[in-house]
Amino acid sequence: MSETSPRLRAELEDIPTYKPGKPAAAGGPVAYKLSSNENPYPPLPGVMETVTTAAASFNRYPDMACMGLMSELSERFGVPQSHLATGTGSVGVAQQLLQATSGPGDEVIYAWRSFEAYPIITRISGATSVQVPLTEGDVHDLDAMADAITDRTRLIFVCNPNNPTGTVVRRAELERFLDRVPADVLVVLDEAYREFVRDVQVPDGIQLYRERPNVCVLRTFSKAYGLAGLRVGFAVAHEPVAAALRKTAVPFGVSQLAQEAAIASLRAEDELLGRVGLLVCERTRVVDALRAQGWTVPVTQANFVWLRLGERTMDFAAACEQAGVVVRPFPGEGVRVTIGEAEANDIFMKVAEGFHKGL
Ligand SMILES: Cc1ncc(COP(=O)(O)O)c(C=O)c1O
């Protein structure tokens, strides 16, 4: 056999591997997964029924244009269908945005730490990441991000709320930032956790997009709508960007099951958002308890909390796992813990209490 292997792109060599949240350990007395910001509620019976019915036809390709879903989204969000594009989760759509805008020599700006996929998909596109550190309070430093814009900048991600810190940027500061971004640079407002936001000063990106042709909003059915395993997300953007997204889509990427489930979820939105409301109450309970224990917890508007543990991160994650909850550690930085079932949150809080006492 030849020693020579096929030539691969050099960019791939230093791509950090995406680390999914660890699954809960099988076979333990209790095992809860608080590592992937998933929705802890099982699928709604009506959505389940829709998916089961759709499964009977999976010998057929899905509707490539996602026509039913597009029409439902267009009505729900008051945007023309030509301004919508769907994809395999919002991370799939984010990757398409990079394919559509950026290549070797181009720059992509985002806060750091933020969503783990940004450096990976940027590198895959061949473009260069420009990471702008979060402020002391773990919030996007929008002034520094605007200062980082050069004539090579093609795309800027603003993750609002930010993963993994849960922190937000508010309307006035975001608008001030958008005013500074040149019209030919695309700003992607990644709003994967939008439905969990209760701070009324956090703008709905879809309102901002209406006035600004260079703003694109990413939303997902994975979190509030509980469809993480079916892979469907979407972008709202003005026509040239949305059209570019349709060109860069993997043909038939969004399965018919995902399309039907997303439609059924939009129709069951009241019930699903009621569940989100319960998770937001749990979030308050968890954050209040952690603060009472003495922890510094940034204000979170997402379905997770962030503990900046520094060098103690891995010890804390191990203690959680031993107690029956799996959290998401970022070695040397901190842990992100999803708000889950009340029992799971109780276990996490108990570990946090013991750990804080030992500090
Ligand atoms: C900020 C952010 N954006 C996008 C995603 C991707 O979600 P999905 O591809 O499931 O829509 C996630 C998932 O964790 C996220 O945290």
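Residues numbered from 1 in each chain as written. Predicted model: local features only at pLDDT ≥ 70, side-chain atom pairs only at ≥ 80, totals over all residues. Heavy atoms only, no water.

1. Examining the packing of aromatic side chains
Here is step 1: What the rule picks out here adds up to 14 aromatic pairs.
Here is step 2: Here Tyr110 and Trp112 contribute two aromatic rings whose centre-to-centre distance is 5.9 Å and whose plane-to-plane angle is 70°, an arrangement assigned as edge-to-face.
Here is step 3: Exposure remark for Tyr110: the relative accessible area of 0% places this residue in the buried category.
Here is step 4: Relative accessible area serves as the criterion here: at 22%, Trp112 is assigned to the partly exposed category. (Phe/Tyr/Trp six-rings, centres within 6.5 Å; stacked < 30°, edge-to-face > 60°. Buried < 20%, exposed > 50% of the residue type's maximum accessible area, 1.4 Å probe, protein only.)

2. Structural notes on helix α2 (residues 67–77)
Here is step 1: The set of residues buried in α2 consists of Leu69, Met70, Glu72, Leu73, Ser74 and Phe77.
Here is step 2: If you follow the buried residues of α2, they end up packed against β2 (84–87), α7 (205–211), β7 (215–220), β8 (233–236), α8 (239–248) and α9 (256–267).
Here is step 3: Of the residues flanking the end of α2, it is Gly78, one or two places downstream, whose phi is positive at about 60°. (Helix = DSSP H or I, 4+ residues; strand = E, 2+ residues; numbered from the N terminus. Contact = heavy atoms within 4.5 Å.)

3. Regarding the UniProt feature "modified residue: N6-(pyridoxal phosphate)lysine" (unreviewed entry) in the chain
Here is step 1: Under the local residue numbering, the UniProt record ascribes the feature "modified residue: N6-(pyridoxal phosphate)lysine" (unreviewed entry) to Lys223.
Here is step 2: Topologically, Lys223 is positioned in the loop between β7 and β8. (UniProt positions renumbered as here; feature names shortened; annotations may be inferred.)

4. Here we look at α9
Here is step 1: The terminal C-alpha atoms of α9 lie 17 Å apart, and with twelve residues this matches the ideal 16 Å at 1.5 Å per residue to within 8%.
Here is step 2: Within α9 the residues assigned to the buried category are Leu257, Ala258, Gln259, Ala261, Ala262, Ile263, Ala264, Ser265 and Leu266.
Here is step 3: Against the buried residues of α9 lie α1 (45–55), α2 and α10 (269–293). (Expected span 1.5 Å × (residues − 1).)

5. Considerations on the site of the ligand
Here is step 1: The immediate surroundings of the ligand are formed by 13 residues, with Ser90, Asp190, Tyr193, Thr220 and Ser222 found nearest.
Here is step 2: Measuring from an oxygen atom of the ligand, one finds a backbone N or O atom of Ser90 at 2.6 Å.
Here is step 3: One nitrogen or oxygen atom from the side chain of Asp190 is found 2.7 Å from a nitrogen atom belonging to the ligand.
Here is step 4: With three residues, the single largest contributor to the shell around the ligand is helix α3 (residues 89–101). (Near = heavy atom within 4 Å. Polar contact = N/O pair within 3.5 Å; in protein donor to acceptor, adjacent residues only side chain to side chain.)

6. Section: the sheet that holds β2
Here is step 1: Overall, mixed pairing links the seven strands, which are arranged β2-β8-β7-β6-β5-β3-β4 in an open sheet. The two strands at the open ends of the sheet, each matched to only one other strand, are β2 and β4 (128–133). Across the sheet, the axes of successive neighbouring strands diverge by a mean angle of 25°, strand direction being ignored.
Here is step 2: Two strands pair when backbone bridges link them, and β2 and β8 are joined in this way by four bridges, in the antiparallel orientation. When the sheet's bridge partners are listed, Leu84 is paired in β8 with Val236. (Pairing = 2+ DSSP bridges. Axes fitted to C-alpha atoms, helices over the stretch in contact; angles between N-to-C directions.)

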